[in-house]
Amino acid sequence: VQLVESGGGLVQSGGSLELSCTASGSIFSLGEMGWYRQAPGKERDLVASIARDEIAHYLTFAEGRFTISRDNAKNTVILHMNSLKPEDTAVYYCYAEARATFLSVREHYWGQGTQVTVSA
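Residues numbered from 1 in each chain as written. Predicted model: local features only at pLDDT ≥ 70, side-chain atom pairs only at ≥ 80, totals over all residues. Heavy atoms only, no water.

### So, the packing of aromatic side chains
If you walk through the whole model with that rule in mind, you get 5 aromatic pairs. A centroid spacing of 5.7 Å and a plane angle of 80° characterise the contact between Phe-28 and Phe-102, whose relative ring orientation is edge-to-face. Here Phe-102 lies in the loop between strand E9 (90-99) and strand E10 (107-110) and Phe-28 lies in the loop between strand E3 (17-24) and strand E4 (29-38), a separation of 74 residues in the sequence. Relative accessible area serves as the criterion here: at 43%, Phe-28 is assigned to the partly exposed category. Between Tyr-36 and Tyr-95 the ring centres are 5.4 Å apart and the planes differ by 75°, which places this aromatic pair in the edge-to-face class. Residue Tyr-36 is located in strand E4, and its partner Tyr-95 is located in strand E9; the two are separated by 59 residues in the primary sequence. Given the relative accessible area of 2%, Tyr-95 is considered buried. Directly above the aromatic system of Tyr-93 lies the positively charged group of Arg-44, at a separation of 3.6 Å from the ring centroid. Above the ring of Trp-110, the side-chain terminus of Arg-44 is found at 4.6 Å from the ring centroid. (Phe/Tyr/Trp six-rings, centres within 6.5 Å; stacked < 30°, edge-to-face > 60°. Helix = DSSP H or I, 4+ residues; strand = E, 2+ residues; numbered from the N terminus. Buried < 20%, exposed > 50% of the residue type's maximum accessible area, 1.4 Å probe, protein only. Lys NZ or Arg CZ within 6 Å of the ring centre and 35° of its normal.)

Have a look at this one:
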């Protein structure tokens, strides 16, 4: 299972960005998907997650500003971010819980990360 992200970049404070992540390769089943972020010198923190039935969960800092969605037919998860702040600057990592084949156990997969920079 490979996860490829896109959509990061530089935006001014108060602006918006949309991150996209698509899973490909050998995929028997795709479960929960979501996004983490990691700022320089800090731990990687969960931002939002979404189950296959589209029930979403947000961390407090993302509630009301970020929206996570998924397209199961396209194996894609999207994070739309509004009202961005300089403290949202981080590398954002997509993840997915997936089984690669019928015989596989469920594993946690990561994307390569995409940089989001919010200028003051």
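### Considerations on the state of the cysteines
Under the criterion given, the structure shown has 1 disulfide. Disulfide pairing places Cys-21 opposite Cys-94 at an S-S distance of 2.0 Å. Residues Cys-21 and Cys-94 are joined through a disulfide that is left-handed, its torsion about the S-S bond being -75°. Within this pair, whereas Cys-21 is found in strand E3, its partner Cys-94 is found in strand E9, the two being separated by 73 residues in sequence. The burial state of Cys-21 is the same as that of Cys-94; both residues are buried. (Disulfide = S-S within 2.5 Å.)

### A short note on the environment of Trp-110
For Trp-110, the position within the fold is in strand E10. The contact partners of Trp-110, leaving out residues within four places of it in the chain, are Leu-3, Tyr-36, Arg-44, Tyr-93, Cys-94 and Tyr-95. (Contact = heavy atoms within 4.5 Å.)

Scope: geometric values only; no functional claims are made or implied.
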